[in-house]
Amino acid sequence: MTRVLNYINGQFQPALSGATIENIDPATGRVYGSLPQSNERDIEQAYDAAIQAFGSWRETTLEQRSAILYRIADLIEENLEELAQAESRDSGKPLLLAKTVDIPRASSNFRFFAHALTQFSSEAHESVGKNSINFTLRHPIGVVGCISPWNLPLYLFTWKIAPALAAGNTVVAKPSELTPVTAFLLAGLCQKAGLPAGVLNIVNGTGPSAGQAIVAHPKIKAISFTGGTATGAKIAGVAAPMFKKLSLELGGKNPNIIFSDCDYDRMLETTLKSSFANQGQICLCGSRIFVERPIYEKFKIDFVRRVSELRVGPPSEEVDLGAVISKDHKQKILGYIALAQKEGGNILTGGQETKLEQHPEGYYLQPTVIEVKDHLCRVNQEEIFGPVVTLMPFDNEEEVIEMANSVTYGLSASLWTSNLDRSMRFGQRLESGIVWVNTWLNRDLRTPFGGVKSSGVGREGGFEALRFFTEPKNICISYTP
Ligand code: NAD
């Protein structure tokens with residue numbers, strides 16, 4: 001049994017109430033551990049530790065702070081095997097994915113911000129002719145809250161924590177209650193790296209209990225949240241009237257637009273990944289595939305054949321798809337597949353649970369491709385967040401831009417074409433925070449990351465994140481010439 005504990009003021013401890021939640025292994029459907037069910041008392045204690053630590057953490061020199069963050073990055077790398085095993089077990093994702101994507105990226109997040117903090121600088125504006133000069137200082141905010149989801153657990157947790165710490169804040173953070181283990185292991189690594197007690201506090205529990213208490217805490221001044229759009233709206237409802245700084249990275253329903261002039265083989269390989277990586281549970285997955293009419297039938301045959309060959313199985317083995325996160329989520333996805341059929345959609349492959357003999361209670365689903373007739377049907381509009389994609393043909397640019405932009409979301413979009421002018425036209429007109437041309441999930445950590453419309457508010461990444469986690473203060477000095 002894996003017993004996760006809170007990490008507050010450098011100490012590992014259960015919830016003050018003693019309450020726990022069961023942790024379930026998605027691959028088997030069995031309980032394999034527990035985590036604290038924390039509430040506002042635990043958050044208060046974490047806040048006290050964080051505010052206590054803030055005074056000295058904000059005064060550490062950039063070199064000292066950077067060195068500690070580099071050490072954390074190194075320790076993540078040194079413990080890659082253990083962390084990847086834990087991530088795969090906790091979330092159901094294939095072990096290979098955890099080893100090659102999740103954990104390396106968690107280390108890169110710390111490494112990136114360890115360096116970035118030494119390059120981040122304030123600005124000065126000389127008011128020429130007015131004998132005045134303005135200095136804009138960027139001070140850390142104080143104690144900030146970071147709340148992350150289950151789909152890329154350590155990857156997204158560290159994507160918030162690293163810049164928050166780099167900017168000189170102290171942190172009260174909560175991983176998803178469905179995937180708490182790697183955050184727990186990270187706490188041990190931070191301790192080993194010499195991160196002072198209270199600088200990072202990790203509190204576990206459900207959203208309505210521990211998460212809500214972070215958001216509602218009157219002295220936690222900024223909230224960085226990644227998760228569902230409905231949760232984001234709830235959080236904004238609590239935090240906005242308290243004038244907290246908010247970064248919200250929310251859901252997506254991303255278009256994958258394929259033109260006949262694309263590099264077909266490259267597109268097909270990448271589209272398999274952008275559709276089904278991590279069982280389709282990546283906010284950036286291209287869940288709506290639009291294919292230009294001349295290659296539509298060919299694509300349909302090739303894609304469906306390749307999808308039906310994908311291996312679904314225990315995440316610890318060499319598989320393409322592991323288990324989805326929970327029983328509820330599995331049911332939700334199956335509900336959308338049933339709805340698609342009611343709406344006149346045609347299931348081209350998949351559509352069922354995969355029952356594994358060795359793990360009959362695990363949460364496995366076949367990768368599913370649904371041909372839809374109407375881009376406005378619900379399965380084409382609502383986020384399913386599972387191994388399900390829709391397929392539709394299109395005839396011209398105007399039509400596909402209209403269909404791509406028809407959803408309330410606007411996180412990312414992929415375009416496949418060899419026409420440079422077209423890629424610029426689409427880049428300008430697609431309503432999303434990120435547009436990939438002839439690629440997918442191609443990330444440079446310096447670039448702004450985030451969505452428009454219901455996909456969120458604010459940007460993470462690079463200096464954008466350091467700006468979010470600092471408060472600008474302008475000092476204007478008038479001098480006698
Ligand atoms: P979720 O919104 O249910 O939960 C996310 C986190 O918020 C969890 O830690 C949860 O405990 C907490 N939470 C829930 N209710 C809360 C409340 N009232 N107050 C404070 N915290 C609360 O999302 P999820 O199911 O864990 O993740 C899936 C969603 O995340 C999908 O919609 C996906 O698109 C989105 N996502 C977005 C991005 C992005 O960068 N835009 C990245 C990954 C996932």
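Residues numbered from 1 in each chain as written. Predicted model: local features only at pLDDT ≥ 70, side-chain atom pairs only at ≥ 80, totals over all residues. Heavy atoms only, no water.

**Q** So what about the sheet that holds strand E13 (residues 255–258)? Which residues, and what values?
**A** Spatially, seven strands are ordered E15-E16-E17-E14-E13-E18-E19 in an open sheet, and the strand pairing comes out mixed. Only two strands of the sheet have a single partner each, and these edge strands are strand E15 (346–349) and strand E19 (434–437). On average, each strand axis in the sheet is tilted by 25° relative to the strand beside it, whichever way the strands run. As paired elements, strand E16 (residues 368–371) and strand E17 (residues 388–394) share four bridges and run parallel to each other. Considered in E17, the bridge of valine 369 is made with valine 389. (Pairing = 2+ DSSP bridges. Helix = DSSP H or I, 4+ residues; strand = E, 2+ residues; numbered from the N terminus. Axes fitted to C-alpha atoms, helices over the stretch in contact; angles between N-to-C directions.)

**Q** Tell me about the nonpolar core, and please be specific about residues and values.
**A** By size, the foremost hydrophobic cluster in this structure holds 67 residues, and its most contacted members are Ile72, Ile76, Phe110, Phe113, Leu165, Val171 and Leu284. Both domains that meet at this core, namely domain 1 (2–250 + 455–476) and domain 2 (255–437), each give it at least three residues. Val324, Ile333, Val372 and Ala413 belong to the second largest nonpolar core, which has 28 residues in total. (Core = buried A, V, L, I, M, F, W, Y, C linked by side-chain atoms within 4.5 Å. Buried < 20%, exposed > 50% of the residue type's maximum accessible area, 1.4 Å probe, protein only. Domains from an automatic or database assignment.)

**Q** So what's going on with the pairing of strand E11 (residues 222–226)? Which residues, and what values?
**A** The buried count for E11 comes to five of five residues, which makes it a mostly enclosed element. Neither face of E11 is left uncovered, since the one carrying Ala222, Ser224 and Thr226 and the one carrying Ile223 and Phe225 both have all their residues buried. One ladder, built from four bridges, connects strand E8 (residues 143–147) with E11; its direction is parallel. When the bridges of E11 are listed, valine 144 appears paired with alanine 222. In this view, the connection linking E11 to its parallel neighbour strand E12 (residues 245–249) by way of helix H8 (residues 229–239) has right-handed handedness. (Right-handed = clockwise from strand over helix to strand, strands pointing away.)

**Q** A description of a nonpolar patch on the surface should follow, citing residues and the corresponding values.
**A** A contiguous nonpolar patch, built from Met1, Ile24 and Val31 and spanning about 300 Å² of accessible area, is present on the exposed surface. Using a relative accessible area of 35% as the deciding quantity, one classes valine 31 as partly exposed. (Patch = residues over 30% accessible without salt bridge, like charges linked within 9 Å, V, L, I, M, F, W, Y side chains within 5 Å. Areas by Shrake-Rupley, 256 points an atom, 1.4 Å probe, with all protein chains shown as cover. Salt bridge = Lys/Arg side-chain N within 4 Å of Asp/Glu carboxyl O.)

**Q** Just give me the short version of helix H9 (residues 264–276), but keep the residues and values in it.
**A** Relative to the 18 Å expected for 13 residues at 1.5 Å per residue, H9 spans 18 Å between its end C-alpha atoms, a close match to the ideal helical length. Where H9 is concerned, the buried positions are Tyr264, Met267, Leu268, Thr270, Thr271, Leu272, Ser274, Ser275 and Phe276. Elements in contact with the buried residues of H9: E13, strand E14 (288–292), helix H10 (293–308), E16, E17 and strand E18 (412–416). Positive phi appears at asparagine 278, one or two residues downstream of H9, with a value of about 55°. (Expected span 1.5 Å × (residues − 1). Contact = heavy atoms within 4.5 Å.)

**Q** Can you lay out the site of the ligand for me, pointing to particular residues and giving the numbers?
**A** Among the 29 residues in the neighbourhood of the ligand, the closest are listed as Lys174, Glu177, Thr231, Leu250 and Glu383. Interatomic distance of 2.6 Å between a side-chain N/O atom of threonine 231 and an oxygen atom of the ligand. Within the backbone of leucine 250, an N or O atom sits 2.7 Å from a nitrogen atom of the ligand. For the ligand, the accessible surface in isolation is 850 Å², of which the surrounding protein chains cover 89%. At the level of secondary structure, the elements contributing two or more residues to the shell around the ligand comprise helix H7 (207–216), E11 and H8. Of all the elements, H7 adds the most residues to the shell around the ligand, at four residues. Tallied by class, the residues present in the shell around the ligand amount to 13 nonpolar, 12 polar and four charged. Built from parts of two domains, the shell around the ligand gets at least three residues from each of domain 1 (2–250 + 455–476) and domain 2 (255–437). (Near = heavy atom within 4 Å. Polar contact = N/O pair within 3.5 Å; in protein donor to acceptor, adjacent residues only side chain to side chain. Nonpolar A, V, L, I, M, F, W, Y, C, P; charged D, E, K, R; others polar.)

**Q** Before we move on, can you summarise the domain arrangement of the protein chain with the specific residues and values?
**A** Put simply, an interface is often sized by how much accessible area is lost when its parts join up. For the protein chain, the assigned domains are domain 1 (2–250 + 455–476) and domain 2 (255–437). Placing the centre of domain 1 and that of domain 2 at their C-alpha centroids yields a distance of 31 Å. With 22 residues of domain 1 at the contact, the number on the domain 2 side is 25 residues. Around 1,800 Å² of area is buried between domain 1 and domain 2 when both sides are counted, 61% of it from carbon and sulfur atoms. Our enumeration of links across domain 1 and domain 2 arrives at zero salt bridges. (Buried area = accessible area lost by both parts, 1.4 Å probe.)

**Q** Break down the sheet that holds strand E6 (residues 123–127) for me, citing the residues and quoting the values.
**A** One open sheet accounts for three strands, arranged E6-E7-E21; its pairing is antiparallel. Pairing within the sheet leaves two strands with one partner each, and these edge strands are E6 and strand E21 (470–478). When strand polarity is set aside, the average angle formed by the axes of neighbouring strands in this sheet is 20°. The pairing of E6 with strand E7 (residues 132–140) spans five bridges and is classified as antiparallel.

**Q** I'd like to hear about the pairing of E7, residue by residue, with values.
**A** Residues in a regular strand project their side chains so that they alternate between the two faces of the sheet. Connecting the antiparallel pair E6 and E7 is a turn made up of four residues, with glycine 129 showing a positive phi of about 85°. Relative to E21, E7 runs antiparallel, the two sharing nine bridges. Each residue of the ladder has a partner; that of serine 132, found in E21, is serine 478.

**Q** Explain the environment of glycine 207 to me, and be specific about the residues and the numbers.
**A** Position of glycine 207 relative to the elements: it lies in helix H7. Of the residues examined, glycine 207 reaches a relative accessible area of 29% and is grouped as partly exposed. For glycine 207 and glutamine 37, which are 170 residues apart along the polypeptide, the C-alpha to C-alpha distance reads 9.9 Å. Those residues in contact with glycine 207, other than ones at most four positions away along the chain, are Lys174, Glu177 and Gln212.

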